[in-house]
Amino acid sequence: VVYEQEGVFIHSSCGKNDDQDSLISGVLRVIEKENEVIVDWRPLDDTLDTSNILCAGKDSSSVVEWTQTPKEKCSRGADRPISYEAEWDMVTTVSFKKKPHSNGDATAHANGESKWSFLFSLTDLKSIKQNKEGMGWSYLVFCLKDDVKLPALHFHHGDSKLLIKCLEKHVVLNESPQDKRILLVNSQNKSLSQSFENLFDESSYGLLQKLKKDPCTVTMGRFSKVTNYIFDSFRLSDPSNQRRPPSEMADFLNDAIPGLKINQQEEPGFEVITRIDLGKQPEVSRREPVSAEEWAKNMDSEGRILNVDYIKRLIFKGGLCHTLRKEAWKFLLGYFPWNSTKEERANLQKRKTDEYFRMKLQWKSVSEEQEKRNSRLRDYRSLIEKDVNRTDRTNKFYEGEDNPGLILLHDILMTYCMYDFDLGYVQGMSDLLSPVLYVMENEVDAFWCFVSYMDQMHQNFEEQMQGMKTQLIQLSTLLRLLDSGFCSYLESQDSGYLYFCFRWLLIRFKREFSFQDILRLWEVMWTELPCQNFHLLLCCAILESEKQQIMDKHYGFNEILKHINELSMKIDVEYILCKAEAISMQMMNCKELPQAVSEILGIESSSVTPDSDTGEDESGTVLSCPTSLYQSISTPVIAANGTRDSTQQMSDTQSLAPA
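Computed from a prediction, not measured in an experiment: that's the story for all the values here.

(A) Quick peek at the overall build of the protein chain. A tally of helices and strands in the protein chain yields 25 helices and 14 strands. Here the analysis covers contacts within the protein chain between residues at least 6 apart in sequence; of these, 69% occur between residues at least 24 apart. Of the roughly 29800 Å² of accessible surface on the protein chain, 47% is carried by carbon and sulfur atoms.

(B) Structural view of the pairing of strand S1 (residues 3-12). The element S1 is extensively covered by neighbouring structure, given that 8 of its 10 residues are classed as buried. Sheet topology places S1 next to strand S2 (residues 22-33); 8 bridges connect them, and they run antiparallel. Bridge pairing in S2 links Gln 5 to Leu 28. Bridge analysis of S1 against strand S9 (residues 153-155) gives 2 bridges, and the strand direction is antiparallel. Directly across from Val 8, in S9, lies its bridge partner Phe 155.

(C) Highlighting the pattern of salt bridges. Here the structure, examined in full by the defined rule, presents 25 salt bridges. In this structure, Arg 503 and Glu 512 form a salt bridge, with 2.8 Å as the shortest nitrogen-oxygen distance. A residue is classified by how much of its surface remains accessible, and Glu 512, at 2% relative accessible area, is buried. Among the charged side chains, a network of salt bridges with common partners joins Arg 286, Arg 325, Arg 520, Glu 523 and Glu 574.

(D) Structural detail: helix H13 (residues 375-389). In this model H13 runs 21 Å from its N-terminal to its C-terminal C-alpha over 15 residues, within 8% of the 21 Å that 1.5 Å per residue would give. The inward-facing, buried residues of H13 contact helix H11 (342-364), helix H12 (368-372), helix H14 (404-419) and helix H15 (429-440).

(E) Quick peek at the packing of aromatic side chains. Counted according to the given criterion, the structure contains 25 aromatic pairs. Aromatic side chains Phe 331 and Trp 338 sit 5.3 Å apart centroid to centroid with 35° between the ring planes, which places their arrangement in the tilted category. The pair formed by Phe 331 and Trp 338 is uniform in burial state, with each residue classed as buried. Ring centres 4.9 Å apart and planes at 80° place the aromatic pair Phe 447 and Trp 448 in the edge-to-face group. In this structure, Phe 447 and Trp 448 share a single accessibility class: buried. Among the aromatic side chains, those forming a connected cluster through ring pairs are Tyr 356, Phe 357, Tyr 416, Tyr 419, Phe 447, Trp 448 and Phe 450. Positioned above the aromatic ring of Trp 448, the side-chain terminus of Lys 352 is 4.1 Å from the ring centre.

(F) Spotlight on the environment of Gln 5. Summarising the element assignment, Gln 5 is placed in strand S1. In this structure, the C-alpha to C-alpha distance between Gln 5 and Asp 159, residues 154 residues apart in sequence, is 9.7 Å. With sequence-adjacent residues up to four places away left out, Gln 5 is seen in contact with Gly 26, Val 27, Leu 28, Phe 155, His 157 and Gly 158.

(G) Layout of helix H23 (residues 573-588). In this model, H23 (16 residues) spans 22 Å end to end at C-alpha, consistent with the 22 Å of a helix rising 1.5 Å per residue. Of all 16 residues in H23, 14 are buried, a share of seventy percent or more. For H23, the N-terminal cap is Asp 572; the gap from its side-chain oxygen to the backbone nitrogen of Glu 574 is 3.1 Å.

(H) A look at the pairing of strand S3 (residues 36-43). Among the 8 residues of S3, 7 are classified as buried, and the element is accordingly described as predominantly covered. Linking two consecutive strands that pair antiparallel, namely S2 and S3, is a turn of 2 residues; a positive phi of about 50° is found at Glu 34 within it.

(I) Looking closely at the packing of helix H21 (residues 534-552) against H23. Taken N-terminus to C-terminus, the directions of H21 and H23 make an angle of 110°; their axes are 8 Å apart at the nearest point. Classed by the angle they form, the pair H21 and H23 counts as roughly perpendicular. Counted together, Phe 534, Leu 537, Leu 538, Cys 540, Ala 541, Ile 542, Glu 544 and Ser 545 of H21 and Tyr 575, Ile 576, Leu 577, Lys 579, Ala 580, Glu 581, Ile 583, Ser 584 and Met 587 of H23 form the full contact between these two elements. Class assignment for the residues of the contact of H21 with H23 results in 12 nonpolar, 2 polar and 3 charged.

(J) How the structure looks around the environment of Trp 448. Counting through the fold element by element, Trp 448 comes out in helix H16 (residues 443-461). As a C-alpha pair, Trp 448 and Phe 336 span 112 residues in sequence and 9.8 Å in three-dimensional space. Residues within four places of Trp 448 in sequence aside, it is in contact with Tyr 335, Lys 352, Glu 355, Tyr 356, Met 359 and Tyr 419.

(K) Seen up close, the confidence of the model for the protein chain. Per-residue confidence for the protein chain gives a mean pLDDT of 74; residues scoring 70 or more make up 64%. pLDDT under 50 marks residues 188-208. Its contacts with residues more than four places away, or in other chains, come to 71 contacts. Here residues 634-659 scores under 50 on pLDDT; set against residues more than four positions off or in separate chains, the count is 59 contacts.

(L) Representation of the packing of helix H17 (residues 466-482) against H23 in the model. Relative orientation of the contacting elements H17 and H23 amounts to 75°, with a least axis distance of 12 Å. Between H17 and H23, the angle falls in the class roughly perpendicular. Contacts between H17 and H23 involve Leu 478, Leu 481 and Leu 482 from the former and Ile 583, Gln 586 and Met 587 from the latter. For the contact of H17 with H23, the class distribution of residues is 5 nonpolar, 1 polar and no charged.

(M) Seen up close, the nonpolar core. Ranked by internal contacts, the top residues of the largest apolar core, which has 123 residues, are Met 429, Phe 461, Phe 509 and Met 587. In terms of residue count, the dominant contributor to this core is H16 (11 residues). Residues lining this core come from more than one domain, with at least three contributed by each of domain 2 (330-460) and domain 3 (466-601).

(N) Focus on unusual backbone geometry. Each neighbour pair has its own omega, and for Leu 529 with Pro 530 the value is -5°, a cis peptide bond. In this structure, Pro 530 sits in the loop between helix H20 (515-526) and H21. One non-glycine residue with positive phi stands out, namely Asp 494, at about 60°.

Parameters and conventions
Sequence order as written defines residue numbering, which begins from 1 separately in each chain. pLDDT decides what is reported in this predicted model: residues at 70 or higher carry local features, side-chain atom pairs at 80 or more are listed and counted, and totals for whole chains, interfaces and linings draw on all residues regardless. By convention in this description, side-chain values take in all heavy atoms of the structure and omit both hydrogens and water. Starting at the N terminus, helices and strands are each numbered in turn, a helix being any DSSP run of H or I of at least four residues and a strand any DSSP run of E of at least two. The contact criterion used is simple: two residues touch if any of their non-hydrogen atoms lie within 4.5 Å. All accessibility values rest on the Shrake-Rupley procedure with a 1.4 Å probe; residue burial counts only the protein chains present in the view. Only protein chains enter the accessibility calculation, which uses a 1.4 Å probe; a residue is then buried when its area is under 20% of its type maximum, exposed when over 50%, and partly exposed in between. Two strands qualify as a pair provided that DSSP identifies no fewer than 2 bridges between them. We count a salt bridge whenever a side-chain nitrogen from Lys or Arg sits within 4 Å of a carboxyl oxygen from Asp or Glu. Each residue after the first adds 1.5 Å to the expected span of a helix. Centres within 6.5 Å are what make two rings of Phe, Tyr or Trp a pair, Trp counting through its six-membered ring; a difference in plane orientation under 30 degrees is then read as stacked, over 60 as edge-to-face, and the rest as tilted. Two thresholds decide whether a charge sits over a ring: the Lys NZ or Arg CZ must be within 6 Å of the ring centre and within 35 degrees of the ring normal. Polar contacts here mean pairs of N or O atoms no more than 3.5 Å apart (in protein, one a potential hydrogen donor and the other a potential acceptor; neighbouring residues in sequence count only if both atoms are side-chain atoms). Here an axis means a line fitted to C-alpha atoms, over the contact stretch when the element is a helix, while the angle between two N-to-C directions is reported on a 0 to 180 degree scale. Here the angle decides the label: under 35 degrees means roughly parallel, over 145 means roughly antiparallel, 65 to 115 means roughly perpendicular, and every other value means oblique. Residue classes follow a fixed rule: Ala, Val, Leu, Ile, Met, Phe, Trp, Tyr, Cys and Pro count as nonpolar, while Asp, Glu, Lys and Arg count as charged, and any other residue, Gly among them, counts as polar. Along the chain, pLDDT gives the predictor's confidence residue by residue, from 0 to 100. The criterion is simple. A nonpolar core is a set of buried Ala, Val, Leu, Ile, Met, Phe, Trp, Tyr and Cys residues joined through side-chain atoms within 4.5 Å. Domain segmentation is taken from an automatic or database assignment of domains.

Next comes the structure, spelled out in structure tokens:
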């Protein structure tokens, strides 16, 4: 119980005469229960009628039915309207009747409680109406989803502001522009900075509400739990409503991620991407992982990397052998400067070790009593413990309940909350840390590498979700250029907003590839080659690979979501890396690349294409383009199917030319 207030009354006008209220005194509580926060009001008088109970669990619309009971109606004057607008709010013709539902998690009152008793989850709260200041006792009216209103609560023994402050710890409350007395609940932002709830076994309507309120929650779960009935919830039983217009689905996602505009009508200031012939995608091969010998040869006697661009190109084309990762990842993530000596790196590690353990000591030294008074730290710890327990145990490093790897995972995430207390912990961060800790096998090094990784990823986890908005818009732009026909098909199936890519982007494909494959994928992406936002081209490569099946089988909204979800752990990482690189080369060699695409990929010039032999444009000027980073690398290669070609010698300048 995080809030409790006695002397909170319901004023019922079913008294003995029309001018007298029946005052029902009760206790109001706010209760933290597992993954949700409950608001609970119960009367002190147990002698009231117990025939009907209001129960609003995880989803009020699937549980509560409001009915008029004739025998409970009482007479009112014609000049006394039924309204919550008046200072004294009357509940006259409404009683509460529990309706059959399938939500196994919904909480019901025990027998013997008053019909006025109610409770609801904050996830079901739409708005709160307050009284005018200076007019009698303060009161609040809670409005749930679908405009279900609860009886007004009058605070006779205290102010309602303390309750509002308590609720603001869990949801964002904004004043309504139409009426300053109404506080509107903006729940998806607050929920992003808390644990992502487990949505399994919820009713279909409940899942739909979660999807609308918090896309991260749903995408971090399994789409297969959503897809089979999400549209049934939309359609209800109306056979004439078997399709939802794309504009409505665009509004649906925009409600979930405010500010997101994808594949909608042209707006002033936005470049229109028209159909452009990109030409044929070139054939691309990959080489073997960088060996310890290759790494050592590119280092001087003091431990400096001699040719950073060259070593990055090797990593991009083949990744790293596992024995190198512990050292090389520190450079790729920015923990070690590329131009540092071995001695400088040793001194850096000493300083960072001291800094890490000072931060760790901060939260380790917090007593239980202190933590009880620090709700944010308490929340962070609770979320971290839940997510650590959900860590993928297929890797031996994290096997077992009391595994040292799991303990270190917990400690590093708690220390990160001290490092960035404003951001704190958000579900998904443990997905980014677990491979890093596995490779580093050292608490301090893993922490600082994770900090560097979060510097790249932090916008994905911020409350305003700006990073996710930007990436989804950019991905839509790239995919439309790559295959406008496929984009049109997705739009025709209400899927043009690419919502199914949300989880890919949020945690960089962590749940789409096997543990070993994600190590390869991440180290390739960290080279920042061959262009900016290569991870978006990886998304394009996966979608293009699945295009034929999606279109040939005429997949609709449900089937697309289900199909994309079922790709998890079935994607060939080497094939997708080859295809994404080929797409990058295809776009870079386009003579009429739109400015918006050039900016996404970080290409300085897109008006001309480098000559396939000289790399010069028609005027003889060398084109500034990421392809110029590639220089000749003569090494054995591995084709996308994994077979080695010992006779083929690869030149990157050749591999970047159009086929």
